[in-house]
Amino acid sequence: MSYMKKMPLRAMVGGMVLAAVCAGSVFAADTKSVLVTAIVEHPALDAIRDGVKDELKAEGFDAGKNLKWEYQSAQGNTGTAAQIARKFVGDNPDVIVAIATPSAQAVVSATKTIPVVYSAVTDPVAAQLVKDWKASGSNVTGISDLLELSKQIDLIKRVVPNAKRVGMVYNPGEANSTVVVQAMKELLSKSGMKLVEAAAPRSVDVGSAAKSLIGKVDVIYTNTDNNVVSAYEALVKVGNDAKIPLIASDTDSVKRGAIAALGVNYYDLGRQTGKVVVRILKGEKPGDIASATSNKLELFVNTSAARKQGVTLSPELVESAKSVIK
């Protein structure tokens, strides 16, 4: 205290500034940077984002302390996704997390050096993010939300036992959706059923695409197409008005009006994605980490939606669900 009194004011201020600069430089050296982008905001993708952030915090990477965290949504626009990708690459972060196929494609196209961790990409090989499911040897790895489609067809049969014509609204410009459409065609054909397609290139097209299926289908199935999920209420209105049962692969869509879904828990998928990000922040190379999927499927059912869409669910189906929305 006595030393402080004797020290000239200019020296005191100079010392404080120097100490602050030094402290700042130490903090900067320890800080990691994770930039996150998604093609659009909807419950499933938002849950992934939150899961990644929570996993990082659990592992000691806390936003605002030792982690620079930034999130940007492309609002469903692929051009905006490309702009965000270029900006993020220019910021030179430690890791870029790209949620959903269009955003992942944009980021992977923008950099061959910065580590990229994709999430919620149904088929990363078809999307040309990686060559195969093994460790890529590149700057890219991630977690897929790929589902076993035979189980999806089994669910359709359990909800609508006599269904022969399955409608599907999707964006033909989204790689993960076109892959699912093609696979569903083949699998349904083997089951004596038929797929009826309705294109929705934009979110605003979802309602009209669904209306085009009225009288042509017994049930509508939706995959995790980002246009469809972001505008799911438009699909629900058509389903309720026309008494067409809706079955989804995204469990959050059940809360919004689908009858049933057998899908991954997207928050858990985010935590799984976050674990990969942590491994990279701790020194592993993304090219040494193989792409993976989640094998934890959950069944959600909505008995109120079933009544509105003219379906009676079996007690066995309802009892087997992890979550029942009434």
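The structure under discussion appears in the preceding block.
So, here's what we can say about the structure.

Basis of the calculations
Residues numbered from 1 in each chain as written. Predicted model: local features only at pLDDT ≥ 70, side-chain atom pairs only at ≥ 80, totals over all residues. Heavy atoms only, no water. Axes fitted to C-alpha atoms, helices over the stretch in contact; angles between N-to-C directions. Helix = DSSP H or I, 4+ residues; strand = E, 2+ residues; numbered from the N terminus. Parallel < 35°, antiparallel > 145°, perpendicular 65-115°, else oblique. Left-handed = near helix turned anticlockwise from the far one by under 90°. Contact = heavy atoms within 4.5 Å. Nonpolar A, V, L, I, M, F, W, Y, C, P; charged D, E, K, R; others polar. Salt bridge = Lys/Arg side-chain N within 4 Å of Asp/Glu carboxyl O. Buried < 20%, exposed > 50% of the residue type's maximum accessible area, 1.4 Å probe, protein only.

As a further point, take the packing of helix H6 (residues 149-159) against helix H7 (residues 175-190). Where H6 contacts H7, the two axes come as close as 10 Å, and the packing angle between them is 60°. When the axis of H6 is compared with that of H7, the two are oblique. As H6 runs across H7, the sense of the crossing is right-handed. Of the residues in H7, those touching H6 at Leu149, Ser150, Ile153 and Ile156 are Val180, Ala183, Met184, Leu187 and Leu188. Looking at side-chain class alone, the contact of H6 with H7 contains eight nonpolar, one polar and no charged residues.

Turning to the pattern of salt bridges, a few remarks are in order. Taken as a whole and judged by the stated rule, the model has 17 salt bridges. Taking the shortest distance from any N to any O, the salt bridge between Glu55 and Arg271 comes out at 2.7 Å. Highlighted residues: Glu55 in helix H3 (residues 43-58) and Arg271 in helix H12 (residues 266-281), separated in sequence by 216 residues. Here Lys282 and Glu59 are joined by a salt bridge, their closest N and O atoms 3.4 Å apart. Of this pair, Lys282 sits in the loop between H12 and strand E11 (292-293) while Glu59 sits in the loop between H3 and strand E2 (67-73), placing them 223 residues apart in sequence. With a relative accessible area of 56%, Lys282 lands in the exposed category. Classification of Glu59 by relative accessible area gives partly exposed; the value is 37%. A single salt-bridge network, built from bridges that share partners, covers Asp46, Arg49 and Asp50.

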